[in-house]
Amino acid sequence: MTSPLVIHQNINEKARVGTVFCSITHIKKHQVSRRTPFVDLSFEILKHQSPQRICRYRVEMMNMWISRHLVVIWLYLHLSEASPRYSNGFFYKDAMNGNGNGEIHFSGVRLHVESPRSTVAAVQGSNATLPCHYRYEPEIHTPRRTRVKWFRLSTTNRSLEEDVMVAIGTRHRSYGGFRGRVRLRREAPGDASLVISPLTVDDNGLYRCEVIDGLEDESVTVGLEFRGVVFPYYSSRGRYQMNYHEAKQVCEEQGATLATFDQLFDAWQEGLDWCNAGWLADGTAQYPVSTPREACGGSDLAPGVRSYGLRHQHLDHFDAFCFTASLKGTVYFLEQPLRVNFTEAAQACLDRGSEMAKVGQLYAAWRFQGLDRCDAGWLADGSVRYSITRPRANCGPEEAGVRTFGYPPRHQKHGVYCYMPHW
């Protein structure tokens, strides 16, 4: 390697050559050119100077130019003797490639991020752990200052992500609706699993775990699914009366969310047959058909989920397919000697420390708590329904399910279903 002393001697030698060059060259004022490589002062100033001053200036500029480039070359030669070790512990090596942009090549330990499960099933109101682990290859034993970030992917556009939390060491920050409900499990080295507690109705979806260590970052995705039930819902105004935003709102009012296509597809596989199109979370309108018939797209079509595709979220109107998960509470039919109107029903539940059950709660109680009652009762949305798990005579169709009488006038007398939350 060239030493600084040799470089300094080379610079002096260049200066001497430049001096001799100026002393033997006849320089006239009008010979100073804008193209002179070592002249970067104003041409208007130089052209009025003596040839001797111009010569000295050119020599000084030449010396500065040579010195600067020699120092850069010396630094490159000196620093490229060994691969630099960055503070993150990874090893890299600079390489001057063909276009001279100095790419960094990895040549050491590698970061791996993995999850033993692609999907986690959970129950609304409980806790869920989304597994994520990272390791190094080859294995290292010194502590690392890694950064862990969790995101939730949008159901309508997978390129959009919602921040969930970020953590460095024992410090972490959560965001939005996840604030105060999430943490990292940290049960063992490399454990970056996300714990959500408690789960809310709209926590289901696809999550991404990203681990960052210096210039290295790797990620893995994990799905969170609720064990739940899909149910069709239409407005009290009638069929096909809701745009996308209204459908989303009514599902939330009933303790549910707009169903995803996967949830509707699973419901169809379990036997859901409904001949009215409803909004889904991705902005499409679809409906499941188990028994093909003319009124449901034609009898010559195979069973399946029919789709109208993406629709205008403000102008188009359909029903809704809502999804509800099992709940932390109990739905029960209020035993009382007399039937009541809607207002009296609401008060009767309050008098017993409860509230009127929502449609989503009734479906969840039917699916997960086995609620079987052959008595119609008021629900919070003004509809009258009842749930059957053991089909029998005088209790509706031969299939299990939630029966509905629609939205009768609120002065009519019926029973009532109440909901008692478990605190």
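Residue numbers here run from 1 along each chain, matching the order of that chain's written sequence. Where totals are concerned, whole chains, interfaces and linings use all residues; where local detail is concerned, this predicted model gives features only for residues with pLDDT of at least 70, and gives and counts side-chain atom pairs only at 80 or more. Excluded from the side-chain calculation are hydrogens and water; included are all heavy atoms of the structure.

## A few points about the pairing of strand β19 (residues 319-325)
Along any regular strand, the residues point their side chains to alternate faces of the sheet. Filter applied, for reference: Between buried and exposed lies partly exposed: a residue is buried under 20% and exposed over 50% of the maximum accessible area for its type, with that area taken using a 1.4 Å probe on protein chains only. Numbered from the N terminus, helices here are DSSP runs of H or I no shorter than four residues, and strands are runs of E no shorter than two. Two strands qualify as a pair provided DSSP detects at least 2 bridges between them.
Among the seven residues in β19, seven count as buried, and that is most of the element. Going residue by residue along β19, you find D319, F321, F323 and A325 tucked away on one face and A320, C322 and T324 tucked away on the opposite face as well. Relative to β19, strand β14 (residues 228-233) runs antiparallel, the two sharing six bridges. Residue pairing across strands places Y233 opposite A320, the latter belonging to β19. Pairing of strand β16 (residues 278-279) with β19, which is carried by two bridges, proceeds in the parallel orientation. Its bridge partner lying in β19, W279 is registered against A320.

## Some points on helix α4 (residues 244-253)
Selection rule: By arc we mean the arc of the directions from the helix axis to the C-beta atoms, nothing more. Here a residue-residue contact requires only that any non-hydrogen atoms of the pair lie within 4.5 Å. What qualifies as a polar contact is a pair of N or O atoms within 3.5 Å, subject to a donor-acceptor requirement within protein and to the restriction that residues adjacent in sequence count only when both atoms come from side chains.
Burial in α4 covers these residues: Y244, A247, V250 and C251. Burial along α4 is one-sided: seen end-on, the buried residues are contained in an arc of 130°. If you follow the buried residues of α4, they end up packed against β14, β15 (257-258), β16 and β19. Two to three positions downstream of the cap, the backbone nitrogen of H245 sits 3.1 Å from a side-chain oxygen, assigning the N-cap of α4 to N243. Two residues or fewer past α4, G255 is found with a positive phi of approximately 70°.

## Quick look at the layout of surface pockets
Just so we agree on the cut-off: Every definition here rests on a 1 Å grid over the protein atoms only: cavities are sets of points where a 1.4 Å probe fits but cannot get out, pockets are open sets enclosed by protein on both sides within 12 Å along at least five of seven lines, and lining residues have some atom within 4 Å of a point. Grid points are joined across faces, edges and corners, and a volume is the space filled by probe spheres set on the points. Note that Gly is not counted as nonpolar here; it falls among the polar residues with everything else outside the nonpolar set of Ala, Val, Leu, Ile, Met, Phe, Trp, Tyr, Cys and Pro and the charged set of Asp, Glu, Lys and Arg.
The calculated volume of the largest pocket comes to roughly 1,200 Å³. Surrounding the largest pocket, 45 residues form its lining, V229, V230, Q263, A267 and L272 being those nearest its centre. When contributions to the lining of the largest pocket are tallied by element, the ones reaching two or more residues are β4 (119-122), β12 (205-213), β13 (216-226), β14, α5 (261-269), α7 (359-368) and β24 (401-404). Partitioning the lining of the largest pocket into residue classes produces 21 nonpolar, twelve polar and twelve charged.

## Thoughts on the confidence of the model for the protein
To keep it simple, the criterion reads: As a per-residue measure, pLDDT tells how confident the predictor is, with possible values from 0 to 100.
For the protein, per-residue confidence averages 82 on the pLDDT scale, and 77% of positions sit at 70 or higher. Contacts from residues 1-45, a stretch scored under 50 in pLDDT, to residues over four places away or in other chains number 48 contacts. The low-confidence segment residues 80-99 (pLDDT under 50) makes 43 contacts with residues lying over four places distant or belonging to another chain.

## What about the pattern of salt bridges?
How we decide: Salt bridges are counted wherever a side-chain nitrogen of Lys or Arg sits within 4 Å of a carboxyl oxygen of Asp or Glu.
For the structure shown, the criterion picks out 22 salt bridges. E114 is the salt-bridge partner of R135, the closest N and O atoms lying 2.9 Å from each other. Highlighted residues: R135 in strand β6 (residues 133-137) and E114 in strand β3 (residues 110-114), separated in sequence by 21 residues. Residue classification places R135 among the partly exposed positions, given a relative accessible area of 35%. Of the charged contacts, one joins E161 and R208 as a salt bridge, the two residues approaching to 2.7 Å between their closest N and O atoms.

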